[in-house]
Amino acid sequence: MVDGKAEQQVLDYDELARRVRSDAAALGLLYQKYYDLIFSFCVHRLFCRDTAQDVTGSVFLAVARNIDQFKGRCERDFCNWVYSIAANHTNQHLRRHFRQQRLLQAKAQDMAAQEPDRNKDWSSIYQAIVTLKPIQQTIITLRFFDGLSHEQIAEILGKSPSAVRVALHRGLKKLKQQLNAVSVEELSDE
C-alpha cells in the first residue's frame, strides 16, 4: 500500500509554462515556484523588505493581468518574462517613489546600527551600487545576488549576451573605482 503523500508527482514546469495562458492552476504553481526568487531580487534592488513585498505583489499582478501576452514555450521563457517584469517594476518604483540615495543611506544606517563592524563594508558597497546606472544595478543584482548567467540576463533584458557582459564590466569597473575612493577616504580619516 502506497501513501498518497509519498507518491508526490514531479511537476513538469515546461508543460506548466505552455499551459499557463489558459490554466489558472498552472499559473498558481509557477507563482509558488517563482515568488521567493522574485522577492529576493526585489529586496536586493530596493534594500527594504516591506517595499520589496509590495513590488513583488505588483509584479505578479502584472503577470496575471498580462498572461495572455506571454509567448514562451518553456519554463525558462516564463522565468525570463517574470524577471523582466520585476526589473521594470523595481526601476519604475525607484523612479517614482524614492530617490535611490535616500534608500541606500537608510539601509546603510540600519546595517551600521545592527552590526557596526560587520556591515561597514556592505554600507560602502550599497553606496557604490547606487551610483551606477539602473541597467548596471539590475545586471549586477541578477548576476551576483541571483546567480543568473549572462545569457539568461540577456534574455530577461532583451539584450545580447555581449551587451550584458560589457555593461557588467563597466558597472564593476565603476563600482571598483567608487569602493577604492571610499577606502582612500577612510584611510585618510584614520
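You'll find the structure just up there.
Residues numbered from 1 in each chain as written. Predicted model: local features only at pLDDT ≥ 70, side-chain atom pairs only at ≥ 80, totals over all residues. Heavy atoms only, no water.

(A) Local environment of unusual backbone geometry. The phi dihedral of Phe 47 falls on the positive side, at around 65 degrees, and the residue is not glycine. If you trace the backbone, Phe 47 turns up in the loop between helix 2 (24-46) and helix 3 (49-65). (Helix = DSSP H or I, 4+ residues; strand = E, 2+ residues; numbered from the N terminus.)

(B) Inspection of the nonpolar core at higher detail. Val 63 and Phe 78 are the most contacted members of the largest nonpolar core, which totals 44 residues. Every element with two or more residues in this core is listed here: helix 1 (13-19), helix 2, helix 3, helix 4 (75-97), helix 6 (116-129), helix 7 (134-145), helix 8 (150-157) and helix 9 (161-189). Ranked by residue count, the leading element in this core is helix 2, at ten residues. Each residue touching Phe 78, except ones within four places of it in the same chain, is listed here: Ala 17, Val 20, Leu 27, Leu 30, Tyr 34, Val 63, Ile 67 and Phe 70. (Core = buried A, V, L, I, M, F, W, Y, C linked by side-chain atoms within 4.5 Å. Buried < 20%, exposed > 50% of the residue type's maximum accessible area, 1.4 Å probe, protein only. Contact = heavy atoms within 4.5 Å.)

(C) Up close: the packing of helix 2 against helix 4. Between helix 2 and helix 4, the least distance of the axes is 10 Å, while the angle of their chain directions is 40 degrees. It follows that helix 2 is oblique to helix 4 by the angle criterion. At the point where helix 2 passes helix 4, the crossing takes the right-handed sense. Together, Leu 27, Leu 30, Lys 33, Tyr 34, Leu 37, Ile 38, Phe 41, Cys 42, Arg 45 and Leu 46 of helix 2 and Glu 75, Phe 78, Cys 79, Val 82, Tyr 83, Ala 86, Ala 87, Thr 90, Asn 91, His 93 and Leu 94 of helix 4 make up the contact between the two elements. Classifying every residue of the contact of helix 2 with helix 4 gives 15 nonpolar, three polar and three charged. (Axes fitted to C-alpha atoms, helices over the stretch in contact; angles between N-to-C directions. Parallel < 35°, antiparallel > 145°, perpendicular 65-115°, else oblique. Left-handed = near helix turned anticlockwise from the far one by under 90°. Nonpolar A, V, L, I, M, F, W, Y, C, P; charged D, E, K, R; others polar.)

(D) Representation of helix 7 in the model. Taking 1.5 Å as the rise per residue, helix 7 with twelve residues should run 16 Å; its terminal C-alpha atoms sit 15 Å apart, in good agreement. When helix 7 is considered as a whole, its buried residues turn out to be Gln 136, Gln 137, Thr 138, Ile 139, Ile 140, Thr 141 and Leu 142. (Expected span 1.5 Å × (residues − 1).)

(E) Seen up close, the pattern of salt bridges. In the structure shown here, the tally under the stated rule is five salt bridges. The shortest N-O distance in the salt bridge between Lys 33 and Glu 75 comes to 2.2 Å. Residue Lys 33 is located in helix 2, and its partner Glu 75 is located in helix 4; the two are separated by 42 residues in the primary sequence. With a closest N to O distance of 3.3 Å, Glu 155 and Arg 76 form a salt bridge. Here Arg 76 lies in helix 4 and Glu 155 lies in helix 8, a separation of 79 residues in the sequence. (Salt bridge = Lys/Arg side-chain N within 4 Å of Asp/Glu carboxyl O.)

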